[in-house]
Amino acid sequence: VQLQASGGGLVQAGGSLRLSCAASGRTVSSYCMGWFRQAPGKEREAVAGINRSGSSTVYAASVKGRFTISRDNIKNTVSLQMNSLKDEDTAVYYCAAGSAPWASRNQNDYDYWGQGTQVTVSS
């Protein structure tokens, strides 16, 4: 499966962005999906994960209550709605697909990765 992330940009602190990940080659309903991010000088970290049906989600503590992951298995897309953005949310965001049947924040559960999309939050 090929993944294409989009929707990044420059936003002021407190603002919102919506990231989208479009999949091709295979339907996303076969995969758990996740969003990860990597800030300069830091390791890649999990942001959110969603199971195949969309019935279960997991979030990093730092984004819980502000970010929402969702999926549309008919449109073959996964989204990340990001609200109340903070400076520390600045990073390159990646979407990923994996074969695990559960919602996961473990990078080892993911087999396919898209290119990143830059999110920059200015204060």
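Scroll up a little and you will see the structure.
Basis of the calculations
- Residues numbered from 1 in each chain as written.
- Predicted model: local features only at pLDDT ≥ 70, side-chain atom pairs only at ≥ 80, totals over all residues.
- Heavy atoms only, no water.
- Core = buried A, V, L, I, M, F, W, Y, C linked by side-chain atoms within 4.5 Å.
- Buried < 20%, exposed > 50% of the residue type's maximum accessible area, 1.4 Å probe, protein only.
- Helix = DSSP H or I, 4+ residues; strand = E, 2+ residues; numbered from the N terminus.
- Salt bridge = Lys/Arg side-chain N within 4 Å of Asp/Glu carboxyl O.
- Disulfide = S-S within 2.5 Å.
- Pairing = 2+ DSSP bridges.
- Axes fitted to C-alpha atoms, helices over the stretch in contact; angles between N-to-C directions.

## Concerning the nonpolar core
Moving on, step 1. In this structure, Met33, Trp35, Leu80, Met82 and Tyr93 are the most contacted members of the largest nonpolar core, which totals 31 residues.
Moving on, step 2. Taken together, the elements giving at least two residues each to this core come down to strand 1 (2-6), strand 3 (17-24), strand 4 (32-38), strand 5 (45-50), strand 7 (67-72), strand 8 (77-82), strand 9 (91-98) and strand 11 (117-122).
Moving on, step 3. Counting six residues, the second-largest nonpolar core is a separate cluster that includes Cys32, Ala46, Ala96 and Tyr110.

## A look at the pattern of salt bridges
Moving on, step 1. For the coordinates displayed, the defined rule picks out three salt bridges.
Moving on, step 2. In this structure, the salt-bridge partner of glutamate 45 is arginine 37, at a minimum N-O distance of 2.7 Å.
Moving on, step 3. One salt bridge connects arginine 37 with aspartate 89, and the closest N-O pair in it is separated by 2.9 Å. Here arginine 37, found in strand 4, pairs with aspartate 89, found in the loop between strand 8 and strand 9; they are 52 residues apart in sequence, far enough to count as distant.
Moving on, step 4. Judged by relative accessible area, arginine 37 falls into the buried class, the value being 5%.
Moving on, step 5. You can call aspartate 89 buried: its relative accessible area is 0%.
Moving on, step 6. When salt bridges with common partners are traced through the structure, they connect Arg37, Glu45, Arg66 and Asp89 into a single cluster.

## As for the state of the cysteines
Moving on, step 1. Considering all chains together, one arrives at one disulfide under this definition.
Moving on, step 2. Note that cysteine 21 is cross-linked by a disulfide to cysteine 95, the S-S spacing being 2.1 Å. Because the sign of the S-S torsion sets the handedness, a value of about 60° for the bond joining cysteine 21 and cysteine 95 places this disulfide among the right-handed ones. One end of the pair, cysteine 21, is in strand 3; the other, cysteine 95, is in strand 9, and 74 residues separate them in sequence. You'll find cysteine 21 and cysteine 95 in the same group, each marked buried.
Moving on, step 3. Of the cysteine sulfurs around cysteine 32, a residue in no disulfide, the closest is that of cysteine 95, at 12 Å.
Moving on, step 4. Of the residues examined, cysteine 32 reaches a relative accessible area of 0% and is grouped as buried.

## Details of the pairing of strand 8
On a regular strand, one side chain projects to one face of the sheet and the next to the other, so that they alternate.
Moving on, step 1. Bridge count for strand 3 against strand 8 is six bridges, and the pairing is antiparallel. Looking at the pairing, leucine 19 lines up with leucine 80 of strand 8.
Moving on, step 2. With six bridges joining them, strand 7 and strand 8 adopt antiparallel strand pairing. Bridge assignment links threonine 68 to a residue of strand 8, and that residue is glutamine 81.

## A closer look at the sheet that holds strand 1
Moving on, step 1. Spatially, 1-3-8-7 is the arrangement adopted by the four strands of the open sheet, whose pairing is antiparallel. Looking at which strands have only one partner, the edges of the open sheet turn out to be strand 1 and strand 7. Each neighbouring strand pair of the sheet contributes to a mean axis angle of 15°, computed without reference to strand direction.

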